[in-house]
Amino acid sequence: MKKKFLALMLSAAMVVSFSAVTVQAEESDAAVSADDIEDSMTSDDGTYEIAFVTDVGSLKDKSFNEGTWNGVKVYAYENDLSYKYYQPANEDEATDDDRYDAMAAACEAGAKVVVCAGYLQEAALTQAAIDYPDVQFVFIDGYTLSNGDDVLTNVAGINFQEEQCGYFAGYAVVMEGFTELGFSGGGGGTNPACGRYGYGFVQGANDAAAELGITVNINYSWLYGSSYQASPELQSMISGWYTNGTEIVFACGGSMFQSIAAAASANDGCVVGVDVDQSSESDTVVTSAMKGLAEATEYAIGVYYDGEWDTIGGTTTTLGAADGAVGLPMDTWSMENFTVEDYETMLASVVDGTLVVDNDYESNTTLEGFENASVTIIE
């Protein structure tokens, strides 16, 4: 499975050191952009084959939701299939019932594949998969689900090694010359993906600082991020960080990016983006910790239509640098002290296992023990 995924994922935007890049780059140039595909379509018979149920936050969040939705749209468009998105009622206050209702609506409208984004979907998705056994569900940032002792084979869990691209970002910005850092995460500290992103970021910053023989300071907070939304409170907090010397903040939580980028812009600060390349959203973005949301979504849907669902259904697939699934954006590289060549060397060491990034963020929630990174947790 991973070999097939690797062939799809490798792109000039993330990895430039593999032989598959040239072919994939040529294919990407010819492919339609997700931005050119309508978010809403009308099918002739009122049914929709491929559905997307959003996570909390907006559909067009320039991050997690939008990255996943782009994969749905591109696959459907290129294969002449109908598609529709469903946003659970009550927005960031959505309940499990709200999420289930959205999934059920998708199934009742004819969906053969339903893509569900975010770990918060677990309870609703479990029930929907039981109630609609003939529908295949793709659980992005998810895992294997069960009905009692029985694994639900119509659910394919796909998650990522976010600690790796978080590490790349933390290492890169310190080598670039930043010494006063910040991390602002979504989900209130309970989101595993955000937890891995942040933990990797601290590890990378610490290792780069050790190499340079310096100590870096990191403000680290989950405040104002429980709903992954932009807010005046979040912007005010981050503005305070910049005013007090923070130079760059890792904005890790969907639409939270808007508040953090606004604070950076007002204070001559910088930002690390998340999930997708966010450099086009603000000139404050130095780099982004990316994962292949669109590509993973396209792949999983394609597995169903290729008649090979049993290769991923009822399993959890974890994708990382070795699969070409996480990395930093190459097409918009702006760093000067930390070069593309430096990044390729570091990336290769993760791919071949020479460098291992710890993913057990729950074992060190206080973020102590980093000799070259002084972490201040803001609560």
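Remember, it's a predicted structure, so these values are computed and weren't measured experimentally. (Residues numbered from 1 in each chain as written. Predicted model: local features only at pLDDT ≥ 70, side-chain atom pairs only at ≥ 80, totals over all residues. Heavy atoms only, no water.)

J.: Would you mind going over the pairing of strand 8 (residues 180-185) with me for this structure?
T.: Side-chain direction in a regular strand flips from residue to residue, so the side chains alternate between the two faces of the sheet. Most of strand 8 is tucked away, with 5 of its 6 residues classed as buried. Sheet topology note: the strand 8/strand 9 (residues 216-221) ladder contains 5 bridges and is parallel. In the sheet register, Phe183 faces strand 9, and the bridge partner there is Tyr220. For the crossover from strand 8 across helix 7 (residues 192-212) to strand 9, the handedness is right-handed. With 5 bridges connecting them, strand 8 and strand 10 (residues 248-252) associate as parallel partners. Residue pairing in the sheet places Ser184 in a bridge with Ala251 of strand 10. (Buried < 20%, exposed > 50% of the residue type's maximum accessible area, 1.4 Å probe, protein only. Helix = DSSP H or I, 4+ residues; strand = E, 2+ residues; numbered from the N terminus. Pairing = 2+ DSSP bridges. Right-handed = clockwise from strand over helix to strand, strands pointing away.)

J.: How should the packing of helix 4 (residues 96-108) against helix 5 (residues 122-131) be read in this particular structure?
T.: The packing of two helices is summarised by the inter-axis angle and the distance between the axes. Contact geometry for helix 4 and helix 5: axes closest at 8 Å, N-to-C directions at 40°. Helix 5 is crossed by helix 4, and the crossing has right-handed handedness. Of the residues in helix 5, those touching helix 4 at Asp96, Arg99, Tyr100 and Met103 are Ala123, Ala124, Leu125, Gln127, Ala128 and Asp131. (Axes fitted to C-alpha atoms, helices over the stretch in contact; angles between N-to-C directions. Left-handed = near helix turned anticlockwise from the far one by under 90°. Contact = heavy atoms within 4.5 Å.)

J.: What is the right way to look at the pairing of strand 13 (residues 316-319) in this model?
T.: Side-chain alternation along strand 13 places Thr317 and Leu319 on a buried face and Thr316 and Thr318 on a face that remains uncovered. As defined by bridge partners, strand 7 (residues 155-160) adjoins strand 13 across 4 bridges and the pair is classed as parallel. If you follow Asn159 over to strand 13, its bridge partner there is Thr318.

J.: Looking at this model, I keep getting lost on the nonpolar core. Mind explaining?
T.: Looking at soluble globular proteins, one finds that nonpolar side chains tend to be buried together. Ranked by internal contacts, the top residues of the largest apolar core, which has 81 residues, are Phe168, Leu181, Phe250 and Tyr343. With sequence-adjacent residues up to four places away left out, Leu181 is seen in contact with Val173, Val174, Phe201, Ala205, Asn217, Ile218, Asn219, Thr246 and Ile248. Counting 24 residues, the second-largest nonpolar core is a separate cluster that includes Ala51, Cys107, Ala128 and Phe139. (Core = buried A, V, L, I, M, F, W, Y, C linked by side-chain atoms within 4.5 Å.)

J.: What exactly am I supposed to notice about the packing of aromatic side chains here?
T.: Geometry of an aromatic ring pair is reported as the spacing of the ring centres plus the angle between the planes. For the coordinates displayed, the defined rule picks out 18 aromatic pairs. Where Phe139 meets Tyr143, the ring centres are 5.2 Å apart and the plane angle is 65°; that geometry is what we call edge-to-face. Of the residues examined, Tyr143 reaches a relative accessible area of 24% and is grouped as partly exposed. Their ring planes at 70° and their centres at 6.4 Å tell us that Tyr199 and Phe370 sit as a pair that is edge-to-face. With a gap of 171 residues between them, Tyr199 in helix 7 and Phe370 in the loop between helix 11 (340-351) and strand 15 (373-378) connect regions that are remote in the sequence. Neither Tyr199 nor Phe370 differs from the other in exposure class; each is buried. One aromatic cluster in this structure is built from Tyr167, Phe168, Tyr171, Trp333, Phe338 and Tyr343. (Phe/Tyr/Trp six-rings, centres within 6.5 Å; stacked < 30°, edge-to-face > 60°.)

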